[in-house]
Structures are given as structure tokens and as C-alpha cells.
Amino acid sequence: MAGVRRAVVAAAAVLLLACSLAPTATAWVSAHNITAFLNGHPAYKLYNKYLTETRVCDEINTRAAVTCLVLTDAAMATLVADAGSELGAIKNALRLHSLLDYWDTKKLRALPAGDTLTDTFYQAAGNARTDHVGGVKMAKLDGGGFGFKAAASSADTYDATMTKALKQTPYDFAVLEISAPIEFDGLFDVPDVANLTKLLEKAGCKRFAALVAGTPGVLAAYQAAMEKGLTLFAPNDDAFLAKGAPDVAKMRRADLLALLLYHGVPSYIPRASLKLLKSAARPLRTLASTASGQYNVSVVARGDDVSLDTGVRKCRLADTVLDDTPVCMFTVDKLLLPVELFADAPAEAPEPAPAPAPVDAALSSPPAPPPADEEDSAEPADHKHKDLKASSATAADALRSSIGALAAAGCYLLLLLL
Ligand SMILES: *[C@@H]1O[C@H](CO)[C@@H](O)[C@H](O)[C@H]1NC(C)=O
Ligand SMILES: *[C@@H]1O[C@H](CO)[C@@H](O)[C@H](O)[C@H]1NC(C)=O
Ligand SMILES: *[C@@H]1O[C@H](CO)[C@@H](O)[C@H](O)[C@H]1NC(C)=O
């Protein structure tokens, strides 16, 4: 009896050790790559091309448990025409076709009678006007097969049927071919980016908007970049009052110009893509960058946390104001101070590390929500979808929390035994 007890205690000790180590198991290698997969299937060339151009591929590749509803070139051409060939509009549609759950034919066959609603990346991006607009309804059809339509659709019929299961890796990644695009009224609506200053003002960046408008050359440089790709890091009004913020009114004109241009990167890099950049240590070129690589900025990503390192300090990305391919805009709560201008700025205390996920969060199977201050809250309040935002946490988090959950469950069991 004592022997058994000793063995159980030893096992408990091992498991407790595992419990304490589990949350640090961060090395996560993307288990699936939609781009690489579709590269091997020439029938979906157009679909793959737009997944890459809109960077929806990065969203798919950084999340566990996804289902891609893909279209052959002919069906995709219909979607592109319906979207007026506008990349931002196509991005909305591709996100609607990317489901935030794993669905294979086995799961589909087990669907109850009637429609079943599933969430999509479109909702996770904060586009949906109400909870269910932006979801997709699925059903088993009377004559066999499976039908799909937008949750917002009032039609009795289904937009598309499943024609082929191309890939089914439980419970991580499924790729299903469907017969036609899924659409609804308003799917192709994109924000108006024509007036950048107005957009900045609305996002709580009035000071920055005024500086951009009042410094000759800045707006023109942003607008020129917008045609090919622009990622703008806009300091909010508090950033100008923050500790260590420079007095912009006293800056030399040329320095101010460089500072403002430094906040723009001449390529389209939405949040999921910034997160993937962490492995590529190469700094990003900004609109202020010189040929010799001055005024570059580095991206530091850790889980859902994305920061920019200027060499002087790190600034965390706050909200996504706009993501309309090829333009995206984030707010930052500090000014990005390039080392070339502010090398003498006082060093800051390091930022506190994000709090570890609470145990009960680790026990639930969906990915743990990001810390509250991390949420993209750029969209108007009625566009917010906290739960969906939470479910778009990275796959790394998902893996970490499931390891944590397993370990924790093991510990509970053993504690019960003792
Ligand atoms: C996915 O595959 C494509 C094409 O092979 C490659 O360019 C890309 O870097 C891969 N992405 C990731 C996240 O590994
Ligand atoms: C853009 O918006 C700002 C502020 O709302 C306004 O002052 C300006 O006239 C607008 N510019 C254009 C070109 O419409
Ligand atoms: C600046 O960034 C560009 C583009 O990534 C890169 O080619 C260059 O080497 C960088 N320069 C420095 C000094 O980091």
C-alpha cells in the first residue's frame, strides 16, 4: 500500500512539474500552410493569389482549428467580379469563407436537422454589424450533400454546396471546395479611406492628424504609398502627453518631417502578418528610411502582443483602425522615436510582461482571450465582438492553453486520487 502511495506521490510530483512548465511551451510551428497546400492544387490558383494579396493566408496560418471554403478559378472569378475587383472587398469575402472551427465531412454528416451557424474570420475582424451577420449557415441537404449560405441571407436556398473535401486534418485544418461564392448584401462594403485626416481624427488621433495636415510633404507621401501598400502607426492623443514625449512644436521642420514619415511603412502588413514577422529579424523600412537603412523599425511579437522597437523604446500596437487592403492603420499609445533623432532620450523602465492566463481560462478548450487592453476596439462600439476577438487569439495560445489544460486536468485527477 505504501509502495502504491509513494508511486502516486512521485507521479504527482512529475505532473506538477509539467503543470508549471506547460505555460512556457511557446515554441509553436504552424501546423498548416494554406498557401503551400493550394500551390499543389492549380484549380484554385486565383483563390490562392487573393489569399496572399489580402494576407488572409496569415490569419489562417496563425490559427488552429480552421476550415477554408475554397472556390475553383471559375467561381472565384465570379466573386472577384461581384466585388468590383476591389481588394478590400475581396478580403471581406475571403474572411467569410474562412470558418473559425474545424469542419470535416464526418462533422457535417452529424449536423442536426435545419441550419447550423458557424463563426467566420469576417466576424473576428470586427466587420459584422450584429452578432450573426457575417456568420455562415450550414445544413445537410435533402438530396444528400451539404449546403452553405451567409447567416444574413434570407433566401430559402443555399448559395453553395460542398463539392469536394480536399484536406481534413482533425481538428486543426480542413479545406473544402464549394460550388459558388457565399455572399450577402453589404459584404463588399469597405471603409472610405479617401480622407486620411478624417479617419485619424475619428480614431482619437487628432494631434497626429493636425501634424500630418500641417507638415508639407507628409500627407502626399502617405497617399502615394497608399496606392501600393501602407501601414500607418498613428499615435493617439495621449501619446503626445505621455512621459518622454518630445515637444513637437519645438522640433526642427526637417526632424518633424522625418518623425512623421517614420510612422508609416510602405507595405501592407495587417496584424496577423506582423505577428509572423517575428521570426524574420530583419527590420522594416519606413517612409523615412534612407538608402543606408537609417530610420528602420523592428517588429517584436510575442503571442498576440505586437510591439515596434525603434532602438530608443518599444511601443505596443493598440487598436486596428483600418484594414482595407492595401492600407492598414493601427493606433499606438506612444510616439515612435527613431534612434537617429532621439538617441539621447532617457531609457524607459521595461514594460511589464502580460499577465499569465488564469487557470480556468487554460481549462477551456478554445484559445484564451488576449489581455483586455489588447482588443482591437477601433471599430465603432456596435461593431465590437469581444467573444469573436477572443477566439481569434493565436494558435500558439491555443496550443499553450490546451497543454496547460491537459496538465491541469492530470493534476486534478491525481489530487483526487491522493
Ligand atoms: C507558407 O508557404 C508559402 C509557400 O510555400 C511560403 O512562402 C510561406 O512563407 C509559408 N508561410 C509560413 C507561415 O510558413
Ligand atoms: C478631410 O477631413 C478633414 C477633417 O474632417 C476636413 O477638414 C478636410 O476638408 C477633408 N478633406 C477632403 C479633401 O475632403
Ligand atoms: C532596413 O530595412 C531594409 C528593408 O527590410 C533592409 O533591407 C535594410 O538592411 C535595413 N537596414 C538596417 C540598417 O537595418
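See the structure shown above.
Residues numbered from 1 in each chain as written. Chains lettered and ligands numbered in written order. Predicted model: local features only at pLDDT ≥ 70, side-chain atom pairs only at ≥ 80, totals over all residues. Heavy atoms only, no water.

Asks: Give me the lowdown on the pattern of salt bridges, citing residues and values where you can.
Replies: Within the structure shown, the criterion is met by twelve salt bridges. Arg-55 serves as the salt-bridge partner of Asp-58, at 3.0 Å between the closest nitrogen and oxygen. The class for Arg-55 is partly exposed, based on a relative accessible area of 25%. Here Lys-91 makes a salt bridge to Glu-59, at a shortest N to O gap of 4.0 Å. Of this pair, Lys-91 sits in helix H6 (residues 87-96) while Glu-59 is found in helix H4 (residues 56-61), placing the two residues 32 residues apart along the sequence. The exposure class assigned to Lys-91 is buried, which follows from its relative accessible area of 1%. Relative accessible area serves as the criterion here: at 11%, Glu-59 is assigned to the buried category. (Salt bridge = Lys/Arg side-chain N within 4 Å of Asp/Glu carboxyl O. Buried < 20%, exposed > 50% of the residue type's maximum accessible area, 1.4 Å probe, protein only. Helix = DSSP H or I, 4+ residues; strand = E, 2+ residues; numbered from the N terminus.)

Asks: Summarise the site of ligand 3; cite the residues concerned and give the values.
Replies: The immediate surroundings of ligand 3 are formed by Arg-282, Pro-283, Arg-285, Gly-293 and Asn-296. At 2.8 Å from an oxygen atom of ligand 3 is found a main-chain nitrogen or oxygen belonging to Pro-283. Between an oxygen atom of ligand 3 and a side-chain N or O atom of Asn-296, the distance comes to 2.4 Å. Protein contact buries 58% of the 360 Å² of open area that ligand 3 shows by itself. (Near = heavy atom within 4 Å. Polar contact = N/O pair within 3.5 Å; in protein donor to acceptor, adjacent residues only side chain to side chain. Areas by Shrake-Rupley, 256 points an atom, 1.4 Å probe, with all protein chains shown as cover.)

Asks: Can you lay out H6 for me, pointing to particular residues and giving the numbers?
Replies: Burial of H6 is extensive: nine of the ten residues sit out of reach of the surface. Residues of H6 that are buried: Gly-88, Ala-89, Ile-90, Lys-91, Asn-92, Ala-93, Leu-94, Arg-95 and Leu-96.

Asks: Tell me about the environment of Ala-93, and please be specific about residues and values.
Replies: With respect to the helices, strands and loops of the structure, Ala-93 is situated in helix H6. With relative accessibility at 0%, the residue Ala-93 sits in the buried group. In sequence terms Ala-93 and Tyr-122 are 29 residues apart; their C-alpha atoms lie 7.7 Å from each other. Apart from the residues lying within four places of it in its own chain, the contact partners of Ala-93 are Leu-79, Leu-187 and Phe-188. (Contact = heavy atoms within 4.5 Å.)

Asks: An account of the pairing of strand E12 (residues 314-324) is needed here, citing residue identities and associated values.
Replies: The side chains of a regular strand alternate, residue by residue, between the two faces of the sheet. Judged by how many residues are buried, E12 sits mostly within the fold: nine of eleven residues are covered. By the bridge criterion, three bridges tie strand E11 (residues 305-309) to E12 in an arrangement that is antiparallel. Counterpart to Asp-309 in the pairing with E12 is Lys-314. Connecting the antiparallel pair E11 and E12 is a turn made up of four residues, with Gly-311 showing a positive phi of about 95 degrees. Direction of pairing for E12 relative to strand E13 (residues 327-332): antiparallel, over a ladder of five bridges. Note that in E13 the partner of Thr-320 across the bridge is Phe-330. Linkage of E12 to E13, two consecutive antiparallel strands, is achieved through a turn of two residues. (Pairing = 2+ DSSP bridges.)

By themselves, these are just geometric observations and shouldn't be taken as functional.
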